[in-house]
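# What the coordinates show
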Amino acid sequence: MSTEDVPVPTGSGIEVALVSGLSGAGRSTAAKVLEDLGWFVVDNLPPELIATMVDLGARARGEVARIAVVMDVRSRAFSADLGAVIKDLDARGYRPRLLFLEATDAVLVRRFEQVRRSHPLQGDGRLVDGIAAERALLRPLRESADLVVDTSTVSVPTLRATLERTFGAEFEQLTRVTLVSFGYKYGLPMDSDLVVDVRFLPNPFWIPELREHTGRDIDVRDYVLSQEGAMEFIDRYLELLRLVGAGYRREGKSYLTVSVGCTGGKHRSVAISEEIARRLAGDQGVTVNVAHRDLGRE
């Protein structure tokens, strides 16, 4: 069956957001925030293809629940076409929300000068001419926007918080913690936010009946966690993780990668990572993943 044979969905529970605004006002930042919130983001899609894109997402059987399309003046004369697209989506039951980003001329000029780029509508004129032309072109779009954000004096964390309140959902307001066990002899993980060394604990490698087992096995786990200082360390480190995670969240960072290292990444780091993950999983607003980078290398 071709896509033409499939009935056009009506609403289908999918959320649609259109992101537009002045060049230099923060569309790229907004797109990254929406991606972090679980939206499927498409940049600079021609207006005539937006409805098709949304229909395909609606037919994806729940795999795509939120679609955000970022639009700018690279699609020439897009403003008039976009108005028709919004009406079409509305008629299909999608109820798109339009986010419009703007800033003062002085701020936009400064931002363009900082990155040494010309304005897309500047042509042979001055930078301020391009900004004025774009502002006039987008005026009808701004007037119909559901949310207008002036980013002139708005920090990135504040913009993120605004978009989270508007486009986020409860399950998206999470800190995603990834615990990575590793062996120091294989090098540090490249993407670590925090690194902790658990080589202060006795190494099960030197106990013949534990050597071939891993930190996932009950006997190794019980041995590691029963050592003096092990549980106290976990208790105190969890306090630190919760403090750091809350701070990261306030600064707009929703991902935290914690690397836990021992000599070979087989026993102590694995057992400690699993225990920290087990206890963090009970915290509200946190999701936890565990990865054992070097398990199996020995």
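All values reported here derive from a predicted model rather than from experimental measurement. Counting starts from 1 at the beginning of each chain's written sequence and moves along it residue by residue. Where local features are concerned, this predicted model is filtered to residues with pLDDT of at least 70; where side-chain atom pairs are given and counted, the filter is 80 or more; whole-chain, interface and lining totals use all residues. To get the side-chain values, all heavy atoms of the structure are used, and hydrogens and water are removed first.

All right, on to the packing of helix α1 (residues 27-36) against helix α6 (residues 156-167) then. Here α1 crosses α6 at 50 degrees, and the two axes come no closer than 10 Å. Between α1 and α6, the interaxial angle falls into the category oblique. Handedness of the crossing formed by α1 with α6: right-handed. Within the contact between the two elements, α1 uses Thr29, Ala30, Val33, Leu34 and Asp36 and α6 uses Val156, Leu159, Arg160, Leu163 and Phe167. Amino acids outside the nonpolar list (Ala, Val, Leu, Ile, Met, Phe, Trp, Tyr, Cys, Pro) and the charged list (Asp, Glu, Lys, Arg) are all regarded as polar, and Gly is one of them. Of the residues belonging to the contact of α1 with α6, the class tally is seven nonpolar, one polar and two charged. As a rule, the C-alpha atoms of each element are fitted with a line to give its axis, helices using only the stretch in contact, and angles between N-to-C directions run from 0 to 180 degrees. Helix numbers and strand numbers start at the N terminus; a helix is a DSSP run of H or I with at least 4 residues, a strand a run of E with at least 2. Any angle that falls under 35 degrees is termed roughly parallel, while one over 145 is termed roughly antiparallel, one within 65 to 115 roughly perpendicular, and all others oblique. Here is the rule for handedness: rotate from the far helix to the near one, and if that takes an anticlockwise turn smaller than a right angle the crossing is left-handed, while a clockwise turn gives right-handed. Whether two residues touch is decided by their heavy atoms; if any such pair falls within 4.5 Å, the residues are in contact.

Within a beta sheet, neighbouring strands are joined by backbone hydrogen bonds and run either parallel or antiparallel to one another. Two strands qualify as a pair provided that DSSP identifies no fewer than 2 bridges between them. Taken in spatial order, the four strands of this open sheet run β7-β8-β6-β9, and their pairing is parallel. Strands at the two margins of the open sheet, each flanked by one partner only, are β7 (194-197) and β9 (286-292). Across this sheet, the average inter-strand angle for adjacent strands is 20 degrees, counted without regard to direction. In this structure, strand β6 (residues 175-183) lies alongside β9, joined through seven bridges in parallel fashion. For Arg176, the partnering residue across the bridge sits in β9 and is Thr287.

Okay, the UniProt feature "binding site: GTP" (unreviewed entry) in the protein next. On the UniProt side, "binding site: GTP" (unreviewed entry) is annotated at positions that read Asp72, Val73, Arg74 and Ser75 here. When the annotated set is filtered for residues lining the largest pocket, what remains is Asp72 and Arg74. In this fold, Val73 is placed in the loop between β3 (66-70) and α3 (78-91). Residue exposure (1.4 Å probe, protein chains only): buried if accessible area is under 20% of the type maximum, exposed if over 50%, otherwise partly exposed. For Val73, a relative accessible area of 2% corresponds to the buried category. UniProt positions are given in the numbering used here, feature names are shortened, and annotations may be inferred rather than shown by experiment. Points on a 1 Å grid over protein atoms alone make up a cavity when a 1.4 Å probe fits among them but cannot get out, and a pocket when they form an open set with protein on both sides within 12 Å along at least five of seven lines; lining residues each have an atom within 4 Å of a point.

Taken together, the buried positions of α1 are Arg27, Ala30, Ala31, Val33 and Leu34. In an axial view of α1, the angular spread of the buried residues amounts to 160 degrees, which keeps them on one side of the axis. Those residues of α1 that are exposed and angled more than 90 degrees off the buried face are Ser28 and Lys32. Lining the buried residues of α1 we find β1 (15-21), β2 (40-43), β3, β4 (97-102), α5 (127-143) and α6. The arc in question is formed by the directions pointing from the helix axis toward the C-beta atoms.

Multiply 1.5 Å by the residue count of a helix minus one, and that product is the helix's expected span. Here α5 contains 17 residues, and its C-alpha end-to-end distance of 24 Å stays within 8% of the 24 Å for a straight helix at 1.5 Å per residue. One fitted axis covers the seven residues ending at a residue, a second covers the seven starting there, and the bend at that residue is the angle between these axes. At Leu137, α5 shows its largest kink, close to 40 degrees, and the proline Pro140 lies no more than four residues downstream. Along α5, the residues that are buried comprise Leu127, Gly130, Ile131, Glu134, Leu138 and Leu141.

Bringing the packing of aromatic side chains into the picture now. Each Phe, Tyr or Trp ring (for Trp, its six-membered ring) is paired with any other whose centre lies within 6.5 Å, and the angle between the two planes then decides the class: stacked below 30 degrees, edge-to-face above 60, tilted in between. Taken as a whole and judged by the stated rule, the model has five aromatic pairs. Between Trp39 and Phe167, the ring centres sit 5.8 Å apart and the planes meet at 85 degrees, which makes this aromatic pair edge-to-face. Placement of the pair is Trp39 in the loop between α1 and β2 and Phe167 in helix α6, with a sequence separation of 128 residues. The residues Trp39 and Phe167 share a single accessibility class, namely buried. Through pairs of rings, three or more aromatic residues link up here, namely Phe200, Phe233 and Tyr237. Cation placement over rings: the criterion is NZ of Lys or CZ of Arg within 6 Å of the ring centroid and within 35° of the ring normal. Here the guanidinium or amino end of Arg199 rests over the ring plane of Tyr184, the centre of that ring lying 3.7 Å away. Sitting above the plane of the Phe205 ring, Arg211 keeps its charged end 4.6 Å from the centroid.

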